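These are the residues of each chain, in order.
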Amino acid sequence: MKKTVIYFFSGTGNTWWVATRLGEKLHQYNHQVTCHSIETLMNEDVIAQLSGVDHIVLGFPVYGSTAPRPMIDFIQTFPVSNGRQTMSIFATQALASGDTALIISRLLEQKGYLIQQARHFRMMNNLHLPRFKFYPPKNDQRSDQLLAKTLPRVAGFAQEIATGKKHITGNNPLSHFLGGLQRRHIDTMIDKAGAELRVDAKRCILCGKCQRICPTGNILHSQDQLTFANKCVLCLRCYSQCPTAAILLGEGSADVHKYPRYKGPGKEFNVDVLIK
Ligand SMILES: Cc1cc2nc3c(=O)[nH]c(=O)nc-3n(C[C@H](O)[C@H](O)[C@H](O)COP(=O)(O)O)c2cc1C
Ligand code: SF4
Ligand code: SF4
């Protein structure tokens with residue numbers, strides 16, 4: 001039985017869904033799989049988990065043709081390899097992923113890993129803000145239909161991992177060009193959008209959920225008021241999961257018909273799976 005570890009970061013659940021389905025499919029190929037949300041791990045956990053491992057998978061959402069900051073930080077502290085350890089990278093995306101998985105693969109190659117697959121999977125969009133309009137997320141059967149389309153592609157990915165078949169996407173001039181364009185602006189865009197975080201005090205019931213689920217500890221609560229520090233990575237988790245849509249990200253985002261919040265993949269999704 002081969003030992004495989006999957007590490008993922010997921011803001012609103014899509015990457016968790018792919019990581020979980022991938023784990024189930026790999027199990028059918030006789031892989032013993034463990035799957036971890038990186039925000040629940042300490043560096044020592046990772047070192048212990050990597051002992052005797054045959055294959056490593058990293059997954060994250062595309063943010064402007066690169067990975068979210070928590071995943072970049074995770075990779076920076078990831079142990080160096082001896083040049084023989086195989087790895088796969090996957091990214092979930094809404095529309096345009098450029099050369100994301102390939103760019104992140106290079107960071108891991110510099111650490112001595114052998115990248116066998118770099119793949120992108122289309123999932124529901126979670127980013128639709130006044131500042132950044134992609135297309136409104138759907139929380140109905142259209143989201144389920146997209147999952148049904150993506151599932152066979154995840155199964156194919158599992159087969160490639162099991163058989164060691166190389167598959168690298170995004171290695172062409174157009175993907176590099178689009179990726180490069182997006183990467184130039186993403187950090188500024190994240191910082192500007194994060195600075196617009198507000199709470200509508202009339203809607204907020206002070207349930208504490210946003211504070212509990214924020215992956216960076218960016219939400220502070222004192223004297224019956226929520227405030228935000230400057231550590232937002234724009235994962236959109238608080239914005240999407242607030243039960244009263246009290247978290248606002250820009251002028252106009254109070255209108256939930258114009259700016260619907262993405263509730264995550266499938267009916268089984270519960271945000272707690274990302275933080276436990
Ligand atoms: C800050 C940010 C930037 C994004 N940039 C892109 C992008 O460049 N291309 C794209 O196709 N999707 C983009 N998206 C959409 C997400 O990548 C996509 O919905 C992903 O599946 C969300 O995964 P998650 O639910 O695991 O967080 C972006 C989302 C966010 C929050
Ligand atoms: S999740 Fe929403 S309702 Fe609950 S404390 Fe946060 S902003 Fe208020
Ligand atoms: S404040 Fe909200 S959007 Fe920003 S990192 Fe925390 S949960 Fe994500």
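Model, not experiment: these values are computed from the prediction.

Structural notes on the site of ligand 1
Taken together, 25 residues are adjacent to ligand 1, and Ser10, Thr12, Thr15, Leu95 and Ala96 come closest. Here an oxygen atom of ligand 1 and a side-chain polar atom of Thr12 are 2.5 Å apart. One nitrogen or oxygen atom from the main chain of Met124 is found 2.9 Å from an oxygen atom belonging to ligand 1. Secondary-structure elements contributing two or more residues to the shell around ligand 1 are helix H1 (14-28) and strand S4 (86-93). Within the shell around ligand 1, the residues separate by chemical class into 12 nonpolar, 13 polar and no charged.

Observations regarding the nonpolar core
One finds Tyr7, Phe78 and Leu108 to be the most contacted residues of the largest nonpolar core, which totals 50 residues. Among all residues touching Phe78, those that are not within four sequence positions of it are Tyr7, Val46, Leu50, Ile56, Met87, Leu108, Lys111 and Tyr113.

Observations concerning the environment of Trp16
Relative to the helices and strands, Trp16 resides in helix H1. By relative accessible area, which is 10% here, Trp16 ends up buried. Once the C-alpha coordinates of Trp16 and Val273 are considered, the two residues, 257 residues apart in sequence, prove to be 8.3 Å apart. With residues up to four places along the chain from it excluded, the contact list for Trp16 reads Phe8, Ser10, Pro265, Glu268, Phe269, Val273 and Leu274.

Observations concerning the pairing of strand S5 (residues 114-122)
Across the 9 residues that make up S5, a large majority, 7, are buried. Where S4 meets S5, 8 bridges bridge the pair, whose relative direction is parallel. The partner of Met87 across the bridge, within S5, is Ile115. With helix H4 (residues 100-110) bridging S4 and its parallel neighbour S5, the resulting β-α-β unit is right-handed. The pairing of S5 with strand S6 (residues 167-168) spans 2 bridges and is parallel.

Quick word on the pattern of salt bridges
Enumeration according to the criterion identifies 12 salt bridges in this entry. When the shortest N-O distance is used, the salt bridge between Arg21 and Glu268 registers 3.2 Å. In this pair, Arg21 is assigned in helix H1 and Glu268 in the segment after strand S10 (247-249), connecting sequence segments 247 residues apart. When the shortest N-O distance is used, the salt bridge between Arg131 and Glu196 registers 3.0 Å. A residue pair is termed long-range when its members are at least 10 positions apart, and Arg131 in the loop between S5 and helix H5 (141-163) and Glu196 in the loop between helix H6 (173-194) and strand S7 (197-199) qualify at 65 residues. Residues participating in the shared-partner salt-bridge network are Arg21, Glu24 and Glu268.

Let's talk about the site of ligand 2
In the vicinity of ligand 2, 13 residues are found, and the nearest of them are Cys204, Cys207, Gly208, Cys210 and Cys242. Residues that form the shell around ligand 2 fall into these classes: 10 nonpolar, 2 polar and 1 charged.

Quick word on the state of the cysteines
A full pass over the atoms with the stated rule returns 0 disulfides. Cys235 supplies the cysteine sulfur nearest to Cys35, a cysteine that is in no disulfide, at a spacing of 18 Å.

What counts, and where the lines are drawn
- Residues numbered from 1 in each chain as written.
- Chains lettered and ligands numbered in written order.
- Predicted model: local features only at pLDDT ≥ 70, side-chain atom pairs only at ≥ 80, totals over all residues.
- Heavy atoms only, no water.
- Near = heavy atom within 4 Å.
- Polar contact = N/O pair within 3.5 Å; in protein donor to acceptor, adjacent residues only side chain to side chain.
- Helix = DSSP H or I, 4+ residues; strand = E, 2+ residues; numbered from the N terminus.
- Nonpolar A, V, L, I, M, F, W, Y, C, P; charged D, E, K, R; others polar.
- Core = buried A, V, L, I, M, F, W, Y, C linked by side-chain atoms within 4.5 Å.
- Buried < 20%, exposed > 50% of the residue type's maximum accessible area, 1.4 Å probe, protein only.
- Contact = heavy atoms within 4.5 Å.
- Pairing = 2+ DSSP bridges.
- Right-handed = clockwise from strand over helix to strand, strands pointing away.
- Salt bridge = Lys/Arg side-chain N within 4 Å of Asp/Glu carboxyl O.
- Disulfide = S-S within 2.5 Å.

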